[in-house]
Amino acid sequence: MCGIVGYTGVQGASPILLEGLKKLEYRGYDSAGIALVNEGVISIAKVTGRIANLCEKTNDGKDYPGTCGIGHTRWATHGAPSDNNAHPHLSNDGRFAIVHNGIIENYMSLHDELTAKGYHFESQTDTEVIVHLLEMYYKGDIKKAVIKTIARLQGSYALGVICTEHPDKLYVAREASPLILGVGVSENFFASDVTALVSYTRNAIYLEDGEFAEISPEEINVFDCTLKPIEKKITRIVWDIKASEKGGYEHFMLKEIMEQPRAFKATIAPRIKDNDIVLDETELTKEYLESVNKIVITACGSAYYAGCAAKYTIEKLCRVPVITELASELRYCDPLIDEHTLLIVLSQSGETADTIAAMKECKSKGAKTIAVVNVVGSTIATLADHALYTWAGPEIAVATTKGFTTQLAVLYLFALYAAKKLNNIDEERYLSLLSSLKSMPKKIQETLDTNSNIHKIAIKYYDNKSMFFIGRNTDYAIALEGALKMKEISYIHAESYAAGELKHGTIALIEEHRPVVALCCNESVMEKTVSNIVEVKARGADVLALTFKGNSKIVSVANDVIYVPKVETFFSAAVEIVPLQLLAYYVAKLNECDIDKPKNLAKSVTVE
Ligand code: G6P
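A few points on the structure. Keep in mind the model is a prediction, meaning the values are calculated, not measured. Throughout, a residue's number is its position along its own chain's written sequence, starting from 1. The predicted nature of this model means local features are confined to residues of pLDDT at least 70 and side-chain atom pairs, given and counted, to a pLDDT of 80 or more, with totals for whole chains, interfaces and linings taken over all residues. Water and hydrogen atoms play no part in the side-chain values, which are based on all heavy atoms of the structure.

## Section: the overall build of the chain
- Tallying secondary structure elements over the chain gives 18 helices and 27 strands in all.
- Values of the radius of gyration come from C-alpha atoms, whereas the globule rule sets the reference at 2.2 Å times the count of residues to the power 0.38. The C-alpha radius of gyration computed for the chain amounts to 25 Å, which stays within 12% of the reference 25 Å derived for 608 residues, consistent with globular compactness.
- Each of the three principal axes of the chain carries a C-alpha extent, and together these read 75 × 55 × 45 Å.
- Three exposure classes are used, based on accessible area relative to the maximum for each residue type with a 1.4 Å probe and protein chains only: buried under 20%, partly exposed in between, and exposed over 50%. Here the chain holds 608 residues, and the buried ones make up 61% of them.
- The contact definition used throughout considers only heavy atoms, calling two residues in contact when any of these lie within 4.5 Å. If you take every contact in the chain between residues at least 6 apart in sequence, the share linking residues at least 24 apart comes to 72%.
- Across the chain, the mean location of the 64 positive side-chain charges is 4 Å away from that of the 77 negative side-chain charges. The secondary structure listing takes helices from DSSP runs of H or I that are at least 4 residues long and strands from runs of E that are at least 2 residues long, numbered from the N terminus. When charges are counted, Lys and Arg are positive and Asp and Glu negative, with His and the chain ends excluded. Charge positions come from single atoms, namely NZ of Lys, CZ of Arg, CG of Asp or CD of Glu.

Pasting the structure below:
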């Protein structure tokens, strides 16, 4: 989704802004632009399409001199992708230019008010009202103008402003949209995520909602909405720069799939000490856990499916009801939540708008919240009572892979931890499950090795308009995520159904050679799923079964079989998803899709 960057310092700003925007490309965008202040004038370059077009238009920034500027990648919400709608936007008097992430919900009334006062609009965006408000409120004091402007805005924003009268300064403000300031030497930066900053500085200030900052090359001053100064601490960014590069792989997605054994290990290993699970600073005492009468897991997209898969493990081990609910639904359903509810929020980015809103709603009703998040310092991590980080490192491909498996890793740790605290598991079983969990990175590696030729299976299935994924229990949860991976990156219609539901409608869609991916790793429901395979085969489907090594029952009923190593059923989702990620990857590759940046999708969905 939209990305913003800003630079002020002693170097030419344009190349730095373009480089920063390239780092934000992964978030998904459809147009881009930069604005520089130079010799009392603001110059703006905007393009529809890729950053490469912007580099060409600006001669790699050389034609846009100046040491202070802002940049933006836009993911259209209000108004189609076009040069006019691309940011930065300029005030009518040419004094201000702004970039904005988020949505201004009251932009229509502001638009009417400003039009009536004679301001002229160049775009169809909600954003443009901001720059005209700035012009309207500017009476010689820019800080006051920004404060008055943001007081009029309803919705979400991460805002970057430049002004001809303060040619070396950036002004930024944040409300419900991420904004990070990069602290350098004789230069400072801002960006919507750390990937745009790490090549230049590892010192960051995380701005919080309602905060506003004035940034010059030498200093950063942060204020609240009454212009009272706020002391901010500088946080060290620990991400490895190499981790945000492709490292020899053709796509980030393939690299990230391959990184899963390491990411899973990095997530669990530091939390297992002498057979005890240590969940960072969470104070999940026995007394507290005994007071919990239900666990609600909420998230969006793949993170939601990670919750669906882990629900079975948590519920069975802890004997506490686990309810999974999409964040976009939970936020509006007046949920039955109180202080006896433990809310687990899953989010790779930590910035998903619906997830944040659902979390706030549940917190307001008294739930204690645990956030399972990959991005350190993100909004969800900050809002939660306890943040449990997934140590997956930066995930760049829009379709999540290692983000998903590491979410499972944390939830498995939590399940074992809570089961032990609640005395629901005897020591022998606990130690045996812990040992299985510790072996999972190896098992994921084995899954990758076993499926190194999955592209051959992809050749058989890639040329299809529609596919079905079926399974039961955890197999069903992974069928959901497998189908999502397929549609996200290959654009093939892929639907997942609980295998037992086939007869209630879906079987009508089964026809000659329709691919059905059948997940059969859960032994307790194996026979049932095999029956469903036979039923779809009888109607002409081509069945691609996924099961554990040594399961001979499937060979005779399926057309093709993908194998994963046999692991403890509680944790099997983390191996089952891996070949499905690879299958989606190779199907998308054969269909010549833009794998890392699928059309219309965004990595971080920061608007509703
Ligand atoms: C987008 C991404 C998905 C992700 C979902 C939730 O749709 O493309 O990969 O699962 O958002 O994002 P989160 O950052 O909250 O996990």
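## Brief notes about the environment of glycine 6
- With respect to the helices and strands, glycine 6 occurs in strand β1 (residues 3-8).
- Residues glycine 6 and asparagine 188 lie 182 residues apart in sequence; the distance between their C-alpha atoms is 8.3 Å.

## With respect to the site of the ligand
- Distances are taken per atom, and a residue is near a molecule or strand as soon as one of its heavy atoms is within 4 Å of it. In the neighbourhood of the ligand, 14 residues make up the surrounding shell, with Ser302, Ser347, Gln348, Ser349 and Thr352 lying closest.
- The separation between an oxygen atom of the ligand and a polar main-chain atom of serine 302 is 3.0 Å.
- We define a polar contact as two N or O atoms separated by no more than 3.5 Å, with the added condition that, inside protein, one atom must be a possible hydrogen donor and the other a possible acceptor, whereas residues neighbouring each other in sequence contribute only through side-chain atom pairs. Between an oxygen atom of the ligand and a main-chain N or O atom of glutamine 348, the distance comes to 2.7 Å.
- For the area figures, the Shrake-Rupley method with a 1.4 Å probe applies, and any residue is considered shielded solely by the protein chains shown. In isolation the ligand exposes 390 Å². Once the protein is present, 90% of that is buried.
- The site holding the ligand turns out to be the largest pocket.
- Ranked by residues supplied to the shell around the ligand, first place goes to helix α9 (residues 301-318) with 3 residues. In this analysis a 1.4 Å probe is tested at points of a 1 Å grid over the protein atoms alone, and where it fits but cannot get out there is a cavity; an open set with protein on both sides within 12 Å along at least five of seven lines is a pocket; lining residues have an atom within 4 Å of a point. More than half of a molecule's atoms lying within 2 Å of a cavity's or pocket's grid points is what places that molecule inside it.

## Overview of the side chain of glutamate 488
- With respect to the secondary-structure elements, glutamate 488 resides in helix α16 (residues 474-490).
- Polar contacts involving the side chain of glutamate 488 include one to the side chain of lysine 485, which spans 3.2 Å.
- Apart from residues lying up to four places away in sequence, glutamate 488 is in contact with Ala399, Pro598 and Leu601.

## As for empty space enclosed by the protein
- Grid points are joined across faces, edges and corners, and a volume is the space filled by probe spheres set on the points. Applying the stated criterion across every chain, the model contains 6 cavities of 30 Å³ or more.
- By volume, the largest cavity amounts to about 210 Å³.
- Along the walls of the largest cavity sit 25 residues, with Tyr26, Arg27, Asp193, Ser349 and Val375 positioned nearest its centre.
- Per the annotation, domain bounds derive from an automatic or database assignment of domains. Both domains that meet at the lining of the largest cavity, namely domain 1 (3-238) and domain 2 (246-438), each give it at least three residues.
- There is about 70 Å³ of room inside the second largest cavity.
- Together, Cys2, Arg74, Trp75, Ala76, Thr77, His78, His87, His100, Gly102, Thr125, Asp126 and Thr127 line the second largest cavity.
- Amino acid classes used here: Ala, Val, Leu, Ile, Met, Phe, Trp, Tyr, Cys and Pro are nonpolar; Asp, Glu, Lys and Arg are charged; the rest, including Gly, are polar. Residue composition of the lining of the second largest cavity, by class: 3 nonpolar, 7 polar and 2 charged.

## Observations concerning the pattern of salt bridges
- Throughout this description, the term salt bridge denotes a Lys or Arg side-chain nitrogen within 4 Å of a carboxyl oxygen of Asp or Glu. In total, this model carries 30 salt bridges according to the counting rule given.
- Between lysine 402 and glutamate 259 there is a salt bridge, with the nearest N and O atoms lying 2.7 Å from each other. On the criterion of sequence distance, the pair formed by lysine 402 in helix α13 (residues 402-421) and glutamate 259 in the loop between α6 (252-258) and α7 (260-268) is long-range, its members being 143 residues apart. An identical accessibility class is assigned to lysine 402 and glutamate 259; each is buried.
- Of the charged contacts in the structure, one is a salt bridge between glutamate 290 and lysine 286, with a shortest N-O distance of 2.7 Å.

## Brief notes about the sheet that holds strand β18 (residues 294-299)
- By definition, two strands form a pair when at least two bridges between them are found by DSSP. Strand order in the open sheet made by the 5 strands is β19-β18-β20-β21-β22, with parallel pairing throughout. Edge positions in the sheet fall to β19 (322-326) and β22 (386-389), since each of these pairs with one other strand and no more. With direction set aside, neighbouring strand axes in the sheet form an average angle of 20°.
- Looking at chain direction, β18 and strand β20 (residues 341-347) are connected through 5 bridges and run parallel. For valine 296, the partnering residue across the bridge sits in β20 and is leucine 343.
- The angle between two axes is taken between their N-to-C directions and runs from 0 to 180 degrees, where each axis is a line fitted to C-alpha atoms and a helix contributes only its stretch in contact. Strands in contact with helix α11 (residues 353-364) are β18, β20 and β21 (368-373); relative to β20, the strand with the most contacts, it is inclined by about 165°.
- Strands in contact with α13 are β18, β20, β21 and β22; relative to β20, the strand with the most contacts, it is inclined by about 160°.

## Quick look at the packing of aromatic side chains
- Side-chain rings of Phe, Tyr and Trp, where Trp is taken by its six-membered ring, are said to pair if the distance between their centres is within 6.5 Å; with planes under 30 degrees apart they count as stacked, over 60 as edge-to-face, and otherwise as tilted. Summed over all chains, the structure comprises 9 aromatic pairs.
- Ring geometry for phenylalanine 96 and tyrosine 138: centres 5.3 Å apart, planes at 80°, overall edge-to-face. Here the residue phenylalanine 96 occupies a position in strand β6 (residues 96-101), and tyrosine 138 occupies one in the loop between α4 (128-137) and α5 (142-151), the gap between them amounting to 42 residues.
- Seen from their ring centres, tyrosine 585 and tyrosine 586 are 4.9 Å apart, and the 85° between their planes marks the pair as edge-to-face.

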